[in-house]
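Chains, contacts and geometry: an overview
Single-letter residue listing:
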Amino acid sequence: VQHTGDDPDLGWSAFGAFDPDDPSCAVQIDREARTLVNACDEAVTYPLDGTGLRQYPVAVEGGRLYVDLNEITTTTTEG
């Protein structure tokens, strides 16, 4: 789960921390480079919102963040 921006009701994304084509390869955050890096191939990177990884729908309702782990999407979903 990642949050970008200043508004606590917007800017949330939830994504799998594994390469979508090879689940044995974890994706790790490189805080200095501000990117996500494939542990099996460091040349493969993703933006911090997880675009390109398996995305899970998120929603903010009544100040609570909900992540639907039962549904996988292919695009970033912000709530």
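Right above here is the structure, for reference.
The text that follows walks through the structure, step by step, so that each part is easy to find. (Residues numbered from 1 in each chain as written. Predicted model: local features only at pLDDT ≥ 70, side-chain atom pairs only at ≥ 80, totals over all residues. Heavy atoms only, no water.)

1. Concerning the overall build of the chain
To keep things clear, this is the line we draw: Secondary structure counts use DSSP, requiring at least four H or I residues in a row for a helix and at least two E residues in a row for a strand, with both numbered from the N terminus. Relative accessibility under 20% of the residue-type maximum defines a buried residue, over 50% an exposed one, and the middle range a partly exposed one, all with a 1.4 Å probe and only protein chains included. Note on contacts: a residue pair qualifies if any of its non-hydrogen atoms lie within 4.5 Å across the two residues. Values of accessible area rely on a 1.4 Å probe in the Shrake-Rupley scheme; residue burial ignores everything except the protein chains shown.
Along its length, the chain carries zero helices and nine strands. Put simply, the chain runs from its N terminus to its C terminus through helices and strands in the order β-β-β-β-β-β-β-β-β. Here the chain holds 79 residues, and 29% of them are scored as buried. By sequence separation, contacts in the chain at least 24 residues apart represent 35% of the contacts at least 6 residues apart. Surface summary for the chain: the accessible area is close to 5,200 Å², and the carbon and sulfur share equals 48%.

2. Comments concerning the state of the cysteines
The condition is simple: The definition used for a disulfide is geometric: two cysteine sulfur atoms within 2.5 Å.
The full count for this structure, using the stated rule, is one disulfide. For Cys-25, the disulfide goes to Cys-40, at an S-S distance of 2.0 Å. On the sign convention where negative is left-handed, the bridge of Cys-25 and Cys-40, at about -100 degrees about the S-S bond, is left-handed. Placement of Cys-25 in strand E4 (residues 22-30) and of Cys-40 in the loop between strand E5 (35-38) and strand E6 (45-46) is noted, with a sequence separation of 15 residues between them.

3. What about the nonpolar core?
Rules: The nonpolar core is taken to be a set of buried Ala, Val, Leu, Ile, Met, Phe, Trp, Tyr and Cys residues, with the residues joined through side-chain atoms within 4.5 Å.
Among the nonpolar cores identified, the biggest contains six residues, and these are Phe-15, Val-27, Leu-36, Tyr-46, Leu-48 and Leu-53. The residues touching Leu-36, leaving out its near neighbours within four places in the chain, are Phe-15, Val-27, Gln-28, Ile-29, Val-44, Thr-45, Tyr-46, Pro-47, Leu-48, Gly-50 and Leu-53.

4. Here's the deal with the sheet that holds strand E1 (residues 2-3)
Keep this limit in mind: Pairing between strands is defined by DSSP: at least two bridges between the two strands are required.
Reading across the sheet, the three strands line up as E1-E2-E7 and stay open at both edges, with antiparallel pairing between neighbours. What marks the edges here is a single partner per strand, and that holds for E1 and strand E7 (55-56). Where strand E2 (residues 12-15) lies against E7, two bridges are found, and the strand directions are antiparallel. Looking at the pairing, Ala-14 lines up with Tyr-56 of E7.

5. Focus: the environment of Arg-31
In this structure, Arg-31 sits in the loop between E4 and E5. Arg-31 gets classed as exposed once you look at its relative accessible area, which sits at 66%. It is 9.5 Å that separates the C-alpha atoms of Arg-31 and Leu-48, two residues lying 17 residues apart in sequence.

6. A short note on the side chain of Gln-55
Going by this rule: N or O atoms closer than or at 3.5 Å make up a polar contact, with two conditions inside protein: a donor-capable atom paired with an acceptor-capable one, and, for residues adjacent in sequence, both atoms drawn from side chains.
Checked against the element boundaries, Gln-55 lands in strand E7. Residue class for Gln-55 comes out buried when judged on its relative accessible area of 0%. Engagement of the side chain of Gln-55 in a polar contact is seen with the backbone oxygen of Gly-50, the distance being 2.6 Å.

7. What to know about the environment of Val-27
With respect to the helices and strands, Val-27 occurs in strand E4. Take Val-27: its relative accessible area is 11%, and that puts it in the buried class. Residues Val-27 and Asp-41 lie 14 residues apart in sequence; the distance between their C-alpha atoms is 9.7 Å. Those residues in contact with Val-27, other than ones at most four positions away along the chain, are Ala-17, Phe-18, Asp-19, Leu-36, Val-37, Tyr-46 and Leu-53.

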